[in-house]
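Structure assessment
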Amino acid sequence: MTWISKSVTGLGLVLLAHACYSAHEHSALHSISTASISSVASHGSSTPAVASLPLDIVIETVVAIFAVCVGLVLGTPDLRPIEWRVWAGKIEREGERGFLTGDGEVEKDYIGNPFKVLEIRPGFVDIRKQRKEFAAWVREGGGTPKK
Amino acid sequence: MSSSLLHPPAQLSPVVALQLSQQAPSLLQNAPSSISPYSLGSLWSAAESPELWTVYENLMLSCLRTGDEESAHICLERLTARFGADNEKLMALGGIFQEAVAQDDAALKRILEEYETILNKDPTNTPISKRRVALFKTLKRTTEAITALIKFLDASPTDAEAWAELGDLYVSQAMYKQGIFAFEEVLLITPNAWNIHAKLGEICYMAATANEPGSDNYLAESLRRFCRSIELCDDYLRGYYGLKITSNKLLGSHPRQSKTDGGLAPPTQETVQRLSEIATSKLSEIVRRNAAGDSGYLGYDLGEIIAAKELLNKE
């Protein structure tokens, strides 16, 4: 979820909460005032009046729901390719950069080419050879020593 | 940067490996040294995640590679504390550590004997079987490595990694027919692996250039393998490179229509010509867009791009 989608969704939720609270307050107020009027006007036979919610609360609710929907939709990640060769091509061509979430970080389940492990074979790693090659690389001047 | 710690470190360039191992001391300090499942913090956050242990393992391998043995030892200790010393994978990691710090061949032979003792007690210990094969390879006893690996594959024939290792061992001994067989077994297990198709193409090409018997068939087979790898992966640089080389060789050699021993007919010159043109145009497009910094083309390995440029320049 990007920051803009989070903020729009948050705003929508705040509006929705406000509209619900206003509606609750309105119905509480309305029931008190209706009760007092009806007790004055017609002794006892109180017809429960239809709660006429003010228009602005209705509009606020609809706008809030719309904002929440828009915020959630904005926060959806990009669609991923479904054809094998397109997906494989994306990995080879773009690497990590093709699989970023909205926040610009690499997706958690991105593992690159899943068959690369068949060429690297970590179960059979020849650690002494790797050490020798690394030492040779350092000796040839690759990489600045930190200390 | 820590995303690269979730993948096996052998593929990292030396620069990245050096950076990772330099960050190792701070990483080790920040991570909790012992995971207690009942701490207060576990109320709102998971005390450990599977990634933590993958990170430890890969960090240990990176540190061993760069020579930072203390950090590697700390990683190994934490892993052992969590999983116990009789966990098979941990035995293998301990074996890797010992191999790395061994001083001479005698020490390596002692480690080999230890592996064999463990295997005598429990022949199904897969990670240790693999370490034994790797140690044979280190000691340059390739025939024994091949024999051990064949025995392992008799017991567990669906291990693609082991078949790939066998294929590489055969190729290193220039036994191309057996190497091709081994990699075809890999493809039986993972049929959509585009890099293995490319690797098979490369091995067939090596067999063809080494003038093995039936080298015309090998060259055509190599062409087909590279085509298959491109079919499985759009814009596959390694595939197009191989396609160009094999199609050039086929155009230049004018193979006679060899009697196929149950195989496919060799491709016509016209097909090969068209493939060569497609390969050239695709290679130049990739190189050009990568050089221009086109955002969708920056994931290629620099070495491969340079090799492609040289190939194109040779024309």
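Residues numbered from 1 in each chain as written. Chains lettered and ligands numbered in written order. Predicted model: local features only at pLDDT ≥ 70, side-chain atom pairs only at ≥ 80, totals over all residues. Heavy atoms only, no water.

1. As for the overall build of chain B
Where we set the bar: By definition, any uninterrupted DSSP run of H or I lasting at least four residues is a helix, any uninterrupted run of E lasting at least two residues is a strand, and each is numbered from the N terminus. Between two residues, a contact is recorded if the distance between any of their heavy atoms is within 4.5 Å. Surface accessibility in these figures is a Shrake-Rupley result with a 1.4 Å probe; residues are shielded only by whichever protein chains are displayed.
Check the secondary structure of chain B and you find 14 helices and 0 strands. From first element to last, N terminus to C terminus, chain B shows the α and β order α-α-α-α-α-α-α-α-α-α-α-α-α-α. A separation of at least 24 residues holds for 57% of the contacts in chain B among residues at least 6 apart in sequence. Here chain B has roughly 15800 Å² of accessible surface; of this, 54% comes from carbon and sulfur atoms.

2. A word on unusual backbone geometry
Peptide bonds are trans in most cases, and residues, glycine excluded, mostly fall at negative phi. Residue and element names in this part refer to chain B. Which entries qualify depends on this criterion: Buried residues are those whose accessible area, probed at 1.4 Å on protein chains only, stays under 20% of the maximum for their type, while exposed residues exceed 50% and partly exposed ones sit between those limits.
One non-glycine residue with positive phi stands out, namely Lys140, at about 65°. Summarising the element assignment, Lys140 is placed in the loop between α6 (126–138) and α7 (142–155). Despite not being glycine, Ala174 has its phi angle at roughly 60°, a positive value. Note on placement: Ala174 falls in the loop between α8 (160–172) and α9 (176–189). Assessed through its relative accessible area of 40%, Ala174 is described here as partly exposed.

3. Overview of the state of the cysteines
Residues and elements named next belong to chain A. Formally: Cysteine sulfur atoms that come within 2.5 Å of each other are treated as a disulfide pair.
According to the stated counting rule, one finds 0 disulfides over all chains in the structure shown. Free cysteine Cys69: the closest other cysteine sulfur is in Cys20, separated by 14 Å. Taking relative accessible area as the criterion, Cys69 reaches 44% and is therefore assigned partly exposed.

4. Structural notes on a nonpolar patch on the surface
Residues and elements named next belong to chain A. Threshold: Patch membership needs two things, relative accessible area over 30% and no salt bridge, and members are linked within 9 Å if like-charged or within 5 Å if nonpolar (Val, Leu, Ile, Met, Phe, Trp, Tyr). Throughout this description, the term salt bridge denotes a Lys or Arg side-chain nitrogen within 4 Å of a carboxyl oxygen of Asp or Glu.
On the surface, Leu53, Leu55, Val58, Ile59, Val62 and Val63 cluster together into a nonpolar patch covering about 520 Å² of accessible area. Along the chain, the position of Leu53 falls in the loop between α1 (3–41) and α2 (55–74). Note on Leu53: relative accessible area 40%, which makes it partly exposed.

5. Some words on the packing of helix α4 (residues 88–101) of chain B against α6(B)
Residue and element names in this part refer to chain B. In plain terms, the rule: A fitted line through C-alpha atoms represents every axis, and for helices the fit uses only the stretch in contact; the resulting angles, taken between N-to-C directions, go from 0 to 180 degrees. Just so you know how the angles are binned, under 35 degrees is roughly parallel, over 145 roughly antiparallel, 65 to 115 roughly perpendicular, and the rest oblique. Handedness of a crossing follows from how the near helix is turned relative to the far one, being left-handed for an anticlockwise turn of less than a right angle and right-handed for a clockwise one.
Viewed as axis vectors pointing N to C, α4 and α6 meet at an angle of 20°, and their least axial separation amounts to 7 Å. Taken together, the axes of α4 and α6 are roughly parallel relative to one another. Of the two elements, α4 crosses α6, and the hand of that crossing is right-handed. Between α4 and α6, the contacting residues are Glu88, Lys89, Met91, Ala92, Ile96 and Glu99 on the first element and Thr126, Pro127, Ile128, Arg131 and Leu135 on the second.

6. Here's the deal with the packing of α8(B) against α9(B)
Residue and element names in this part refer to chain B. Using the following cut-off: Throughout, the ten residues Ala, Val, Leu, Ile, Met, Phe, Trp, Tyr, Cys and Pro are labelled nonpolar, Asp, Glu, Lys and Arg are labelled charged, and all others, Gly among them, are labelled polar.
The N-to-C vectors of α8 and α9 enclose an angle of 165°; their axes lie 8 Å apart at closest approach. Judged by the inter-axis angle, α8 sits roughly antiparallel to α9. Judged by the twist between their axes, the crossing of α8 over α9 is left-handed. Of α9, the residues touching α8 (which contributes Ala160, Trp163, Ala164, Leu166, Gly167, Asp168, Tyr170 and Val171) are Tyr176, Gln178, Gly179, Phe181, Ala182, Phe183, Glu185, Val186 and Ile189. Classifying every residue of the contact of α8 with α9 by side-chain character gives 12 nonpolar, 3 polar and 2 charged.

7. Describing the confidence of the model for chain B
In plain terms, the rule: Scored from 0 to 100, pLDDT records how confident the predictor is in each individual residue.
Looking at chain B, the pLDDT average stands at 86 and 87% of residues meet or exceed 70. Scored by ipTM, the complex comes to 0.82, with pTM at 0.83.

8. Topic: the packing of aromatic side chains
The relation between two aromatic rings is expressed through the spacing of the ring centres and the mutual angle of the planes. Convention followed: Side-chain rings of Phe, Tyr and Trp, where Trp is taken by its six-membered ring, are said to pair if the distance between their centres is within 6.5 Å; with planes under 30 degrees apart they count as stacked, over 60 as edge-to-face, and otherwise as tilted. Consider the ring centre and the ring normal. A charge sits over the ring if Lys NZ or Arg CZ is within 6 Å of that centre and within 35 degrees of that normal.
Taken as a whole and assessed by the stated rule, the structure comprises 10 aromatic pairs over all chains. For the ring pair A:Trp87 and B:Trp194, a centre distance of 5.9 Å and an interplane angle of 90° mean the geometry is edge-to-face. With A:Trp87 in helix α3 (residues 84–94) and B:Trp194 in helix α10 (residues 194–209), this pair bridges two chains. Under the relative-accessibility criterion, B:Trp194 is labelled buried at 0%. Considering the side-chain rings of A:Phe99 and A:Tyr110, the 4.9 Å spacing of their centres and the 25° angle between planes classify their relative orientation as stacked. Taken together, the residues span a long stretch of sequence, with A:Phe99 in the loop between α3 and α4 (117–120) and A:Tyr110 in the loop between α3 and α4 at a distance of 11 residues. The structure contains a cluster of three or more aromatic residues connected by ring pairs, namely A:Trp84, A:Trp87, A:Phe115 and B:Trp194. The ring of A:Phe99 carries A:Lys90 above its face, with NZ or CZ at 5.0 Å from the centroid.

9. Examining the environment of A:Ala67
Residues and elements named next belong to chain A. Its place among the elements puts Ala67 in helix α2. A sequence separation of 56 residues divides Ala67 from Leu11, and the C-alpha atoms of the two residues are 7.4 Å apart. If sequence neighbours within four positions are ignored, Ala67 has contacts with Val8 and Gly12.

10. Section: the side chain of B:Glu57
All names here are of chain B. What counts, and what does not: Distance and chemistry together define a polar contact, namely a pair of N or O atoms within 3.5 Å, with one atom able to donate a hydrogen and the other to accept it when in protein, and with adjacent residues in sequence counting only for side-chain atoms on both sides.
By secondary structure assignment, the location of Glu57 is in helix α2 (residues 50–66). Within the structure, the side chain of Glu57 is placed 3.2 Å from the side chain of Lys89, a separation counted as a polar contact. Setting aside its immediate chain neighbours within four residues, Glu57 contacts Leu79, Lys89 and Leu93.

11. Concerning the interface of chain A and chain B
You'll often see interface size given as the accessible area lost when the parts meet. The cut-off we apply is this: Throughout, the accessible surface (probe 1.4 Å) given up by two parts as they are put together, summed over both, is called the buried area.
Each side of the interface is counted separately: chain A has 37 residues, and chain B has 55 residues. Area buried by chain A at its contact with chain B is led by A:Arg93, A:Phe124 and A:Arg128, which between them contribute 19% of it. The interface formed by chain A and chain B contains 6 salt bridges. As a salt-bridge pair, B:Glu165 and A:Arg121 come within 2.6 Å of each other at their nearest N and O atoms. At the junction of chain A with chain B, the criterion picks out 21 residue pairs in polar contact (both at pLDDT 80 or more). Contributions of two or more residues to the side of chain A that touches chain B are made by α3, α4 and α5 (127–139) of chain A. No other element matches α3(A), which puts 9 residues into the side of chain A that touches chain B.

12. A short note on the pattern of salt bridges
For the structure shown, the criterion picks out 25 salt bridges over all chains. A salt bridge links B:Asp234 to A:Arg85; its shortest N-O distance comes to 3.0 Å. Placement of B:Asp234 in the loop between α11 (215–232) and α12 (237–253) and of A:Arg85 in helix α3 is noted, with the two residues assigned to different chains. Salt bridges linked by common partners bring A:Arg93, A:Glu94, B:Asp235, B:Lys282, B:Glu285, B:Arg289 and B:Asp294 together as one network.

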